[in-house]
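# Commentary on secondary and tertiary structure
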Amino acid sequence: MFKCIKLEILDNVALITLNHPEKLNALSSVVIEELNLALDKVEGDESARALVIWGGESLFGAGADISEIVNIANSYEAYRFSRKFQSLCDRLENLPLATIAAISGYALGGCLELALACDIRVAGEKAQLGLPEIKLAVLPGGGGTQRLPRLIGTSRAKELILVGDPVSAVEAHRLGLVNRLVEEGRLYEEGMKLARTLASRAPIALAMIKNSINVGAALDMNSALEHEATCFGVLFDSEDRDEGLKAFLEKRKAVFKGR
Ligand code: COA
């Protein structure tokens, strides 16, 4: 069904593989369309409780497809391209399940922007991450100029985006851009292990925690705390909340149903 990506659902974990290495997994409009369709499927499948996006053990992706961008004719077309890509990243960021970008090799430009929209980034020790758009006299238009400063601070983000050179996974980890570093060749195993842990958490609690953090980040402190209390309240209508608290008191493992 897909030409440039693969989608599998394995033990409650959806796995999206960017899969057209001949173009270094560049994000063409076909790939963006396919990723949107894959997210439709993930959202429509109740068994999917976590999502991993990766490109295999040696490459994440080299960014937006430059052979397409070169044909953008005017500012309005460029604006629409940017908004379309941003809406994919927004959608990913706000999915009501845990998302992990498992990064190996190059994660550049739009591919890094995709990873920035995930909840957690896990990277192989030899990965290289960067937003090199300035070298093409363009800018990261998939949310990169907004998400990166929010993640690692304005000053560090400016250096990375203005210089445009990639940083090593070790440096990205030090900057807080990558959550976990893993040994070469163990990315799949470690990414899926973390995803299975997240998939075992109470799904409604996980969705409301994400919502509280994501929505709260754009609000002033008082409004954010008010929103947090509303999210807290929502959980008290769930069967899982009953199960989670009782299982602790009864000294047994909770079984969450996502209800
Ligand atoms: N868009 C379209 N095609 C791309 C691409 C991209 N973002 N990145 C790589 N490719 C293509 C190359 O044109 C090349 O195609 P060809 O075999 O038909 O010539 C193929 O993928 C392999 O790339 P190549 O540059 O030969 O590989 P490399 O190992 O020498 O270098 C990179 C790898 C990632 C450093 C280099 O490809 C690169 O800098 N890519 C662009 C990164 C970028 O600027 N991204 C932001 C885009 S806005």
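Quick caveat: nothing in here was measured; it's all calculated off a predicted structure. (Residues numbered from 1 in each chain as written. Predicted model: local features only at pLDDT ≥ 70, side-chain atom pairs only at ≥ 80, totals over all residues. Heavy atoms only, no water.)

Strand residues, when the strand is regular, have side chains that alternate between the two faces of the sheet. By the criterion of burial, strand β3 (residues 50–54) is predominantly enclosed, with five of the five residues buried. The pairing of strand β2 (residues 13–18) with β3 spans five bridges and is classified as parallel. Along β3, the bridge assignment pairs A14 with L51. (Buried < 20%, exposed > 50% of the residue type's maximum accessible area, 1.4 Å probe, protein only. Helix = DSSP H or I, 4+ residues; strand = E, 2+ residues; numbered from the N terminus. Pairing = 2+ DSSP bridges.)

To continue, consider the sheet that holds strand β5 (residues 106–108). Spatially, β5-β7-β8 is the arrangement adopted by the three strands of the open sheet, whose pairing is mixed. Strands at the two margins of the open sheet, each flanked by one partner only, are β5 and β8 (167–168). In the sheet, strand β7 (residues 128–130) pairs with β8 via two bridges, with the strands oriented antiparallel. Each bridged residue has a counterpart across the sheet, and for Q128 the counterpart in β8 is S168. Strands β5 and β7 of the sheet are contacted by helix α4 (residues 109–116), whose axis makes an angle of about 85° with β5. (Contact = heavy atoms within 4.5 Å. Axes fitted to C-alpha atoms, helices over the stretch in contact; angles between N-to-C directions.)

Take the packing of aromatic side chains next. All told, the structure shown has three aromatic pairs when counted by the stated rule. The interplanar angle of 45° and the centroid separation of 5.4 Å between the aromatic rings of W54 and Y188 together place this pair among those described as tilted. Of the two residues, W54 sits in strand β3 while Y188 sits in helix α8 (residues 187–200), which places them 134 residues apart along the sequence. For W54, a relative accessible area of 10% gives the class buried. (Phe/Tyr/Trp six-rings, centres within 6.5 Å; stacked < 30°, edge-to-face > 60°.)

So, on to the domain arrangement of the chain. Split into domains, the chain comes out as domain 1 (5–199) and domain 2 (203–249). A straight line from the C-alpha centre of domain 1 to that of domain 2 covers 27 Å. For the domain 1 and domain 2 pair, buried surface summed over both sides reaches about 520 Å², with 55% attributable to carbon and sulfur atoms. Connecting domain 1 to domain 2 are one salt bridge. With its nearest N and O atoms 3.1 Å apart, the salt bridge here joins K210 to D119. On the surface where domain 1 and domain 2 come into contact, there are six residue pairs in polar contact (both at pLDDT 80 or more). Of all the secondary structure elements, the ones that give two or more residues to the side of domain 1 that touches domain 2 are α3 (75–93) and β4 (98–103). Across the side of domain 1 that touches domain 2, the residue classes tally to six nonpolar, two polar and three charged. (Domains from an automatic or database assignment. Buried area = accessible area lost by both parts, 1.4 Å probe. Salt bridge = Lys/Arg side-chain N within 4 Å of Asp/Glu carboxyl O. Polar contact = N/O pair within 3.5 Å; in protein donor to acceptor, adjacent residues only side chain to side chain. Nonpolar A, V, L, I, M, F, W, Y, C, P; charged D, E, K, R; others polar.)

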